[in-house]
Every structure is written in C-alpha cells, then in structure tokens.
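Structure assessment
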Amino acid sequence: MNLLKKALALNVKRIFGRSVSVLSVAALVCVGFSSCKGSNNFMSENDSDPADTMIEINDDTSEPEIEIPENEPEETTFDDFDISDYVTEDDPEFNEGALSTIPEITYAVQGDEDVTISLYDITDSPDEMWEEITWEILEEFKGYAPNGWFNDDYAEVIANKKRDLILEREGILVRFDDYELSEFRRGWECEIPYYKILKYLNKSGMDALKMTDRDLIFAYYLEARVFSGWFIGDSCADESDMIEFNGMEYARFAYRDITTMEALKELFKTRWSDEVTDDFLSGDRFIESDGKLYIQDAARGSDISVHSVNYDTDYKEGDKEGVLFAHIIREGYDSKSGKMYLTGETDDVAFPFIMSENGAIFTSFPYVN
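Residues numbered from 1 in each chain as written. Predicted model: local features only at pLDDT ≥ 70, side-chain atom pairs only at ≥ 80, totals over all residues. Heavy atoms only, no water.

1. Examining the overall build of the chain
Test applied: Helix and strand assignments follow DSSP, with helices taken as H or I runs no shorter than four residues and strands as E runs no shorter than two, numbered in order from the N terminus. Buried means the residue's accessible area, taken with a 1.4 Å probe over protein chains only, is under 20% of the maximum for its type, while exposed means over 50%, and partly exposed covers the values in between. Note that accessible areas follow from Shrake-Rupley with a 1.4 Å probe, and for residues the cover is restricted to the protein chains shown.
For the chain, the count of helices and strands is 7 helices and 16 strands. When burial is assessed residue by residue, the chain has 45% of its 369 residues classed as buried. For the chain, the exposed area adds up to about 18,900 Å²; of that, 43% sits on carbon and sulfur atoms.

What follows is the structure in structure tokens.
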C-alpha cells in the first residue's frame, strides 16, 4: 500500500492489548529544547480543563477501578508494544518513566572522559552548522546580555570562533573560557540538542555520532514540532513590544531574524508542505504590522487526555516518502479521587512526509499534545 494512503487510514482506537512498536525515550524540553548551564528557562506551562471522562470508585478503596472489556482487542500491524507491560488491573498507575511525549536523539557516551570532536570532521558545511549553533547559544544567553553579564562584543566572539564540540548524551556541548565572553571570571557552556545539527552532518559525522536514518527523521519532526508549538503557546514572544489587533493582545515575535510574514512562511516550508503551511497560517495567530511580526499573546493549552506518546518510523534510506507514527496513550480524570487514570485507549497518529534535498517535508502535521 502506498505509504501516504496508509498514513491517512491510520487513526484507530484500541483497548489495552497491542499497539505500535516503540522507541522508549526520555523527555526533552518542550519548546526550544536546548539547555545552557546556568541560563534561564524561557518556557511557560499551559493548563487545560480536566477531561469529561469519569469512572466509578469502589467503596473499599480510593483507587479507580478499570473494567477490562471481555471482547478480544483489535489486531494491528504492530505487535512489539503491549500496555500490560506497564499497567495491570491490580496496579493501574502507569510507569511514568516508560514513555515520553518527545522522541529523544542521544549519543552513547562511553566512560567518564569527555569525547571531543572537530566541527570540520563531521560536516561539509561548517559555516552553516556553526551559524545554527550560534543562533541557539545566543537564544539561551539572551536573558543575561541585557543585565551586563557579557562584554559588548560577546555575540561576535561566539559567531567568529568555530570551536570543538563535546559530545554529551543529549546534545553537543560548547564551552567558553574564563573572561572570553565576560569580564567576570567564569566560563560558560551551552548544550545544543542533536536534532538541531543532524541535517548538517556528512556520513563521517553521522558515523562519528552514531546517528541513524531514524534519528534524522526524528530531527526533522522535532524541528516541525517547534513550529507547531507557536500555535498553542506564546513562546518567542517579546512582551516589551505589545500591540492590540481585533480586540486581542499581540507581542512582537522574537525568533532569530524572522520579522515578516513572508519570512515566516519560508521558514515553515523548510519542514511543512505549502498546504500545511497555509492551513496553520489561515487564522490570526500571527500578524504583520509596521514592518514587524507579532504573535497572539494567548495559549491554547495542551490535550489533557494525552498521558504519553512514543514514536516509530516507516522509512528506508533512498525512499521518496515515509511516515512517522505517534502512538498516544490516553488518560482520564476521576473527580472523586482527584487522580488521573489510564483509560486503556490508544491512538495512532500519522505524520506522512516526502523527502527533498533539504530533508523531510511533512504533508500533514496534526496536534499530538
């Protein structure tokens, strides 16, 4: 079956039993995903109303009782994952560390010593790769710059010196010496997640970092996921520059050098098809005014019924198209006990894509959580 048709056909619900094969992963940060030692976190949490689903509680216990249906679970094409490995009728509490909402791309660190690698050994595009790294470092350091922590030329120092990279488990570490960025005697370091730089690696780089084609597909997905996050939260919003439009408050959009709607569209099209881009921009989440781009200062909130998500891919190197699958474990809220519980429902959501010279272009990008 054509993969795109297969993807569109996938949106099924099942009860316990079987579901997709998984990549067990640990959670990364939701927006931006990079973390610098000692830097501020510029994230906000969005809450939504409790799910309407209710269950009955036994008189003898405060724990929710989950009924297991007598009928046989629906068969699927995936058989590696079994929810009973994580939850039973006697113990309905889910193993929180078992699954994640974001796929993880990691390097298998060996021993305690740092593994250092030259930028020029892993990419044929060192300038482009270092520009990407520079953007990420400046984004993470921006909270310190206005407060006099750095020298006036710190941005130029970061951009102009392509230094060696230290391989950590969840990303590459970039270090700066004492006094290099500041008059204070302290070094700085910043960790860039691997998904930010995988697209720049050559074959030697992929081998050196022990990355696979699956990691690359996940990297493309995570880039697109950052974009979709701007439509449910108010990240990248500079609230020092606010305007009102149609009765709504807007904050200046502060992401890299994107200052126009046209530039935003071009950014989206690096990972989304024209149709997906137009669909996301069909509302008034973004507006352009007086040569500036603004984002609506409001959050949609996340889906409280999503307990956790794990991922799999259907793609082989050289194929022109493929599908990334998100397997969703659902939960509900019991008002009597005040606890969340697993409903036993699971969903498969498909993210079909076509491969271009610049990587995966997703032709559908639904909300997962």
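2. Description of helix α5 (residues 213–229)
In plain terms, the rule: To estimate the expected span of a helix, subtract one from its residue number and multiply by 1.5 Å.
Look at α5: 24 Å from first C-alpha to last across 17 residues, which is about the 24 Å you get at 1.5 Å a residue. Judged by how many residues are buried, α5 sits mostly within the fold: 15 of 17 residues are covered.

3. With respect to the sheet that holds strand β10 (residues 248–253)
Working definition: the strands of a sheet are paired by backbone hydrogen bonds and lie parallel or antiparallel to each other. Worth spelling out the cut-off: Note: two strands are recorded as paired if DSSP finds a minimum of 2 bridges between them. Every axis corresponds to a line fitted to the C-alpha atoms, with the helix fit spanning only the stretch in contact, and the corresponding angles, defined between N-to-C directions, vary from 0 to 180 degrees.
Taken in spatial order, the 4 strands line up as β9-β10-β12-β11 in an open sheet, and their pairing is antiparallel. Edge positions in the sheet fall to β9 (237–245) and β11 (286–289), since each has one partner strand and no second. Neighbour to neighbour, the strand axes of the sheet diverge by 40° on average, direction disregarded. Of the pairings in the sheet, the one linking β9 to β10 comprises 6 bridges and is antiparallel in character. Residue pairing across strands places Ala237 opposite Phe253, the latter belonging to β10.

4. Things to note about the packing of aromatic side chains
Applicable threshold: Note on aromatic pairs: the rings of Phe, Tyr and Trp (six-membered ring only in Trp) are paired at centre separations within 6.5 Å, and the planes decide the class, stacked below 30 degrees, edge-to-face beyond 60, tilted for the rest.
Using the criterion set out here, one finds 31 aromatic pairs in the structure. Both rings, one in Tyr315 and one in Phe353, keep their centres 5.7 Å apart while their planes meet at 55°; by these two values the pair is tilted. Taken together, the residues Tyr315 in the loop between β13 (306–314) and β14 (321–334) and Phe353 in strand β15 (residues 339–356) connect sequence positions 38 residues apart.

5. A short note on the layout of surface pockets
This is how it is decided: Only protein atoms enter the 1 Å grid used here. Points where a 1.4 Å probe fits but cannot escape make up a cavity, open sets with protein on both sides within 12 Å along at least five of seven lines make up a pocket, and a residue lines them when an atom lies within 4 Å of a point. Grid points are joined across faces, edges and corners, and a volume is the space filled by probe spheres set on the points. For this classification, the nonpolar set comprises Ala, Val, Leu, Ile, Met, Phe, Trp, Tyr, Cys and Pro, the charged set comprises Asp, Glu, Lys and Arg, and every other residue, Gly included, is treated as polar.
By volume, the second largest pocket is sized at about 540 Å³. Lining the second largest pocket are 22 residues, and of these Glu132, Lys199, Tyr200, Arg256 and Leu267 sit closest to its centre. If you list the elements that add at least two residues to the lining of the second largest pocket, you get α2 (126–141) and α5. Its residues assigned to classes, the lining of the second largest pocket shows 8 nonpolar, 3 polar and 11 charged.

6. Brief notes about the confidence of the model for the chain
The condition that has to hold: In predicted models, pLDDT denotes the confidence assigned by the predictor to each residue on a 0 to 100 scale. Whether two residues are in contact is decided by their heavy atoms: any pair within 4.5 Å suffices.
In this model, the chain carries a mean pLDDT of 77, and residues with pLDDT of at least 70 account for 72%. Predicted confidence for residues 1–81 stays below pLDDT 50, and this span has 183 contacts to residues more than four positions away or in other chains.

7. As for the pairing of β10
Here β9 folds back onto β10, and the loop between the two strands holds 2 residues, one of which, Asn246, carries a positive phi near 50°. Summarising the sheet, β10 and strand β12 (residues 292–296) pair through 3 bridges and their orientation is antiparallel. Within β12, the residue paired with Ala251 across the bridge is Ile295.

8. Some thoughts on helix α6 (residues 261–268)
What counts, and what does not: Note that the arc is computed from the directions linking the helix axis to the C-beta atoms.
Those residues of α6 that sit buried are Met261, Leu264, Leu267 and Phe268. The arc that holds every buried residue of α6, seen down its axis, measures 115°, which confines them to one face.

9. Things to note about the pattern of salt bridges
Convention followed: Salt bridges are defined as contacts in which a side-chain nitrogen from Lys or Arg sits within 4 Å of a carboxyl oxygen from Asp or Glu.
Going through the model one piece at a time under the given rule, you end up with 20 salt bridges. Taking the shortest distance from any N to any O, the salt bridge between Asp238 and Arg252 comes out at 2.5 Å. One end of the pair, Asp238, is in strand β9; the other, Arg252, is in strand β10, with 14 residues separating them in the sequence.

10. Considering the side chain of Ser182
Looking at where Ser182 falls in the secondary structure, it is placed in the loop between β7 (171–176) and β8 (188–193). Every residue in contact with Ser182, bar those within four places of it in the chain, is listed here: Trp149, Phe150, Asn151 and Trp188.

11. A short note on the environment of Ile217
Relative to the helices and strands, Ile217 resides in helix α5. Classification of Ile217 by relative accessible area gives buried; the value is 2%. Here the alpha-carbon distance between Ile217 and Thr313, two residues 96 residues apart in the chain, equals 7.8 Å. If we skip the residues at most four places from it in the chain, Ile217 touches Thr313, Tyr315, Leu324, Phe353 and Met355.

12. Structural notes on the environment of Cys236
Note that Cys236 resides in the loop between α5 and β9. Spatially, the C-alpha atom of Cys236 lies 9.9 Å from that of Tyr294, the residues being 58 residues apart in sequence. When near neighbours in sequence (up to four residues on either side) are disregarded, Cys236 contacts Trp230, Arg252, Phe253, Ala254 and Tyr255.

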